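Here is what each chain is made of, one letter per residue.
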Amino acid sequence: MIFQSHLFEGKSVLVTGGGSGIGFAIARQFLQCGATVFIGSRKAERLEEARQSLERYGPVYTRTLDIREPEQAAAMADFIAEKSGVLDILINNAGGQFPSPAEDISPKGWQAVINNNLNGTWYMTQAMAKKFFFPQQQGVVVTITVNNYRGFPGMAHTAAARAGISNFTQTLAVEWASRGVRLNCIAPGIIKSSGLENYPPEMYADVARTIPMKRLGTVDEVASLALFLASPMAAYITGDTIYVDGGARLWGDIWQIE
Ligand SMILES: NC(=O)c1ccc[n+]([C@@H]2O[C@H](COP(=O)([O-])OP(=O)(O)OC[C@H]3O[C@@H](n4cnc5c(N)ncnc54)[C@H](OP(=O)(O)O)[C@@H]3O)[C@@H](O)[C@H]2O)c1
């Protein structure tokens, strides 16, 4: 842990998708820095396992949550209000996609990825702002997107959804600055995380070769940036997207094209 252990003392943080991978590392780092942490995702069993692993670091609450359902976003806000009274930081980490050549993505598949990533992130952001950040006159949002700097050949749907998130983050950074709300995005490259299990192993077998730093990123490298952006060290940063990708956005091709 590179941050001071009291950095987020007294702060209340929600990490969506905090039961696994990158979200779990973010939840752990916030707990290690003194925060009270809420995690939510769809699978109760995953949340319970995560709670058991995380509770040694500090106070952690779990609740099932599907970010695609605005009523569930509101119910999560009520749960947080009941348990801690405030929410200082929202980490939109929940998301997912599947690889496919663009021409083979069905309307259903396209809608599912847009709904989960773009709409779900929007519902969570708006719900937490209205319930907590506006009344408190302060709040921070950090959203995990993907490295879509040069598009994302092989995952057109998620690249489009995440571009939408980066763009609404810019809009909200302006609209909500006077309300005390700061918002930024983190665009990870390829991170050694549970999320990679959703892809065929051969897709990532030799991928380090395509990254200037010749290695995959770690979940803690993404988590550290999330904590930095949520902290007072980033008090004057808003509306931005920062890449954690070992330089991958600038060079190399993961997907072979004809
Ligand atoms: N690993 C990478 O290389 C990489 C690179 C770029 C971006 N990302 C992004 O970083 C985030 C975390 O990825 P990861 O690698 O840690 O993968 P992961 O382990 O699959 O994490 C995704 C998390 O999101 C939750 N989730 C998905 N849909 C949800 C929904 N509708 N409502 C609530 N929770 C939902 C999942 O939990 P449930 O199944 O319990 O709902 C899971 O805990 C994702 O948005 C991913 O797309 C990852």
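The structure under discussion appears in the preceding block.
Asker: Whenever I open this one, the overall build of the protein confuses me. Can you help?
Answerer: Within the protein, the secondary structure is distributed over seven helices and nine strands. For the protein, the C-alpha radius of gyration of 17 Å lies close to 18 Å, the compact-globule estimate for 258 residues. Here the C-alpha coordinates of the protein stretch approximately 55 × 40 × 35 Å along the principal axes. Taken across its 258 residues, the protein has 45% of its residues classed as buried.

Asker: Quick question: what am I supposed to make of the sheet that holds strand 1 (residues 12-16) here?
Answerer: Sheets are built from strands that pair by backbone hydrogen bonding, the pairs being arranged parallel or antiparallel. Spatial strand order, 3-2-1-4-5-6-9: seven strands in an open sheet with parallel pairing. Only two strands of the sheet have a single partner each, and these edge strands are strand 3 (60-64) and strand 9 (241-244). Geometrically, the sheet is characterised by an average inter-axis angle of 20 degrees between neighbouring strands, direction not taken into account. Across four bridges, strand 6 (residues 181-188) lies against strand 9 in parallel orientation.

Asker: In this structure, what is going on with the site of the ligand? I would like to understand it.
Answerer: Close to the ligand lie 30 residues; G17, G21, R42, G95 and G195 are nearest. Looking at the shell around the ligand, the elements with two or more residues in it are helix 1 (21-32) and helix 4 (107-136). Along the lines of polarity and charge, the residues of the shell around the ligand split into 10 nonpolar, 15 polar and five charged.

Asker: Could you clarify how one ought to interpret unusual backbone geometry in this entry?
Answerer: Trans peptide bonds make up the majority, and among non-glycine residues the majority have a negative phi. With a phi angle near 60 degrees, Q137 is a residue other than glycine that sits in the positive phi range. According to the C-beta neighbour criterion, Q137 is exposed, with 10 such atoms within 10 Å. Even without glycine at this site, K214 takes up a positive phi of about 60 degrees. With respect to the element layout, K214 can be found in the loop between helix 6 (201-204) and strand 8 (217-218).

Asker: Quick question: what am I supposed to make of the pairing of strand 2 (residues 36-41) here?
Answerer: Regular strands place their side chains on alternate faces of the sheet. Strand 2 sits mainly inside the fold: six of its six residues count as buried. Side chains of strand 2 alternate between two faces, with T36, F38 and G40 and V37, I39 and S41 buried alike. Two strands pair when backbone bridges link them, and strand 1 and strand 2 are joined in this way by five bridges, in the parallel orientation. When the bridges of strand 2 are listed, L14 appears paired with F38. Handedness of the crossover joining strand 1 and strand 2 through helix 1 is recorded here as right-handed.

Analysis parameters
- Residues numbered from 1 in each chain as written.
- Predicted model: local features only at pLDDT ≥ 70, side-chain atom pairs only at ≥ 80, totals over all residues.
- Helix = DSSP H or I, 4+ residues; strand = E, 2+ residues; numbered from the N terminus.
- Rg over C-alpha atoms; globule rule 2.2 N^0.38 Å.
- Buried ≥ 20, exposed ≤ 12 C-beta atoms within 10 Å, placed from the backbone.
- Pairing = 2+ DSSP bridges.
- Axes fitted to C-alpha atoms, helices over the stretch in contact; angles between N-to-C directions.
- Near = placed C-beta within 6 Å.
- Nonpolar A, V, L, I, M, F, W, Y, C, P; charged D, E, K, R; others polar.
- Right-handed = clockwise from strand over helix to strand, strands pointing away.

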